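Summary of structural features
One-letter residues, chain by chain:
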Amino acid sequence: MNLRKFINRPENITSELLEGLALANPFILEVRPNNLVVNKCLETANRVTIVALGGSGNEPALEGFVGEGMIDVAVVGDVFAAPGYKAVIEALHLADKGKGILLVVLNHAGDMLTATRTMEEAHKADIKVSMVVTREDVAFASRCDADRRRGLVGCVPLYKIVGAAAAQGKSLYEVTAIAQDFADNMATIAVACKTATHPQNGSAFAVLGNNEMEIGMGQHGEGGGDRQIMKNADETAILMADLLITDLNLCAGEEIMVIVNGTGSTTIMEMLIIFRCVHKYLSGKGIVITANWVEEVLTVQEQAGFQLFFARMNDQNLSYWNAPTRTPYLVR
């Protein structure tokens, strides 16, 4: 095993990274047993609360977005593995402030198994909770077959929007409707030219040729994409943008959010060059970018590539996007 990473024992990665996160952000969050990352202000919350679940290894998501205005409790599994439902039930009890809870889940097999069992147990325990699933990967299935679509970076802007809606006193019904509407109007496509390795054993998720890229690769190197000869930034950006425009049926005059999400080893330089092209290309089509984010948001270790995300925006969602928040990796 050849792990060129600054870690200690592989089995301690998740607990040690969460301990480091808490030590680095002592006024924002705390880590409790069973890898629950908790908003330090949750105790006094008098509103709908937000719970999310997923594996570690995708930092800064999801635990890096715990705090006021986003996630209240993140339930973190081991590296690239869903947590168990008992930990999520514990999180729901912790987050229950009498106003209801929104559980946000990415459409991946392990996460969905945990979420389904969690919802069954929560209803038995009379916990007031609703669930929204993000499934915006356009590569894997058509929009009419959305249940088969994978969740990618779209969960993170959704955390921001629903967190702000909850902070403004919206009911659980309203927060859930806002979340579902946003989820139904977003789309993501990923590209990679080098895949990641698993930090616990060094194994590669997939193998790409030296002059090869795959448009449509899943979050952890899952297949389903289109392998082709490596293209330059503008060519790649336009190919990906066209897929999202078609999927969302975007027209001139519409307003959207654009995220360029680096997936591990793509530089800010590259991401900004991609965003430059996307901005000019959309402007030429009369599509207006009213919100954007160019950064590493949801990664997969050292994978070289990025995810391009589009979502329809309206005045309400734009106000939620710009509302105050305080988390380790997003502050407004």
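For the structure itself, look to the data block above.
A few points on the structure. (Residues numbered from 1 in each chain as written. Predicted model: local features only at pLDDT ≥ 70, side-chain atom pairs only at ≥ 80, totals over all residues. Heavy atoms only, no water.)

1. A word on the sheet that holds strand 6 (residues 129-134)
Taken together, 6 strands build an open sheet; the order of strands is 1-2-4-3-5-6 and the sheet is mixed. In this open sheet, the two edge strands, each paired with only one partner strand, are strand 1 (29-32) and strand 6. Put simply, the sheet's adjacent strands are angled 20 degrees from each other on average, direction ignored. Where strand 1 lies against strand 2 (residues 36-39), 4 bridges are found, and the strand directions are antiparallel. Bridging across to strand 2, Leu29 finds its partner in Asn39. Where helix 1 (residues 13-24) meets the sheet, its contacts fall on strand 1, strand 2, strand 3 (49-56) and strand 4 (73-79), and the angle it forms with strand 4 comes to roughly 145 degrees. (Pairing = 2+ DSSP bridges. Helix = DSSP H or I, 4+ residues; strand = E, 2+ residues; numbered from the N terminus. Axes fitted to C-alpha atoms, helices over the stretch in contact; angles between N-to-C directions. Contact = heavy atoms within 4.5 Å.)

2. Considerations on the sheet that holds strand 12 (residues 304-312)
Taken in spatial order, the 6 strands make up an open sheet running 9-8-7-12-10-11, and their pairing is mixed. In this open sheet, the two strands that pair with only one neighbour each are strand 9 (226-229) and strand 11 (288-295). For this sheet, the mean inter-axis angle between neighbouring strands, taken without regard to orientation, is 15 degrees. Pairing of strand 8 (residues 212-215) with strand 9 involves 4 bridges; the strand directions are antiparallel.

3. As for the environment of Met213
With respect to the helices and strands, Met213 occurs in strand 8. For Met213, a relative accessible area of 2% translates into the label buried. Considered as a pair, Met213 and Gln228 are 15 residues apart in the sequence and their alpha carbons are 5.6 Å apart. (Buried < 20%, exposed > 50% of the residue type's maximum accessible area, 1.4 Å probe, protein only.)

4. Some points on the pattern of salt bridges
Two side chains with opposite charge may pair up if their charged atoms get near one another. Within the structure shown, the criterion is met by 16 salt bridges. The closest approach of N and O atoms between Arg150 and Asp137, which form a salt bridge, is 2.8 Å. Residue Arg150 is found in the loop between strand 6 and helix 4 (155-167), and its partner Asp137 is found in the loop between strand 6 and helix 4; the two are separated by 13 residues along the sequence. Considered together, Arg150 and Asp137 belong to a single accessibility category, that of buried residues. The closest approach of N and O atoms between Asp145 and Arg148, which form a salt bridge, is 3.0 Å. (Salt bridge = Lys/Arg side-chain N within 4 Å of Asp/Glu carboxyl O.)

5. Side note on unusual backbone geometry
In this structure, Pro60 follows Glu59 across a cis peptide bond, with omega equal to 15 degrees. Residue placement: Pro60 occurs in the loop between strand 3 and strand 4. For the bond running from Ala61 to Leu62, omega is -5 degrees, close enough to zero to count as cis. Phi angles above zero are rare outside glycine, and Asn34 is one such case at about 70 degrees. Checked against the element boundaries, Asn34 lands in the loop between strand 1 and strand 2. The exposure class of Asn34 is partly exposed, given its relative accessible area of 48%. The residue Gln301 is not glycine, and still its phi comes out positive at about 60 degrees.

6. With respect to the nonpolar core
With 51 residues, the main nonpolar core has Phe65, Leu102, Val156, Tyr159, Phe182 and Met257 as its most contacted residues. Ranked by the residues each element gives to this core, the list is headed by helix 4, at 9 residues. Residues contacting Met257, with those up to four places away along its chain left out, are Pro157, Phe182, Ala291, Phe309, Phe310, Ala311, Met313 and Trp321. Ranked by size, the runner-up nonpolar core spans 28 residues in total, among them Ile215, Met240, Val278 and Ile289. (Core = buried A, V, L, I, M, F, W, Y, C linked by side-chain atoms within 4.5 Å.)

7. Topic: the packing of helix 4 against helix 5 (residues 172-184)
Two elements in contact, helix 4 and helix 5, have axes separated by 9 Å at closest approach and are oriented at 155 degrees. One finds that helix 4 runs roughly antiparallel with respect to helix 5. Judged by the sense of rotation from one axis to the other, the crossing of helix 4 with helix 5 is right-handed. For the pair helix 4 and helix 5, the contacting residues are Pro157, Leu158, Ile161, Val162, Ala165 and Ala166 in the first and Val175, Ile178, Ala179, Phe182 and Ala183 in the second. Each residue belonging to the contact of helix 4 with helix 5 can be placed in one class, and the counts come to 11 nonpolar, no polar and no charged. (Parallel < 35°, antiparallel > 145°, perpendicular 65-115°, else oblique. Left-handed = near helix turned anticlockwise from the far one by under 90°. Nonpolar A, V, L, I, M, F, W, Y, C, P; charged D, E, K, R; others polar.)

8. Looking at the pairing of strand 10 (residues 255-262)
Burial analysis of strand 10 places 7 of its 8 residues in the buried class, the great majority of the element. Of the pairings in the sheet, the one linking strand 10 to strand 11 comprises 7 bridges and is parallel in character. Within the sheet, the bridge partner assigned to Ile259 lies in strand 11 and is Trp293. For the segment spanning strand 10, helix 7 (residues 268-284) and strand 11, crossover handedness is right-handed. (Right-handed = clockwise from strand over helix to strand, strands pointing away.)

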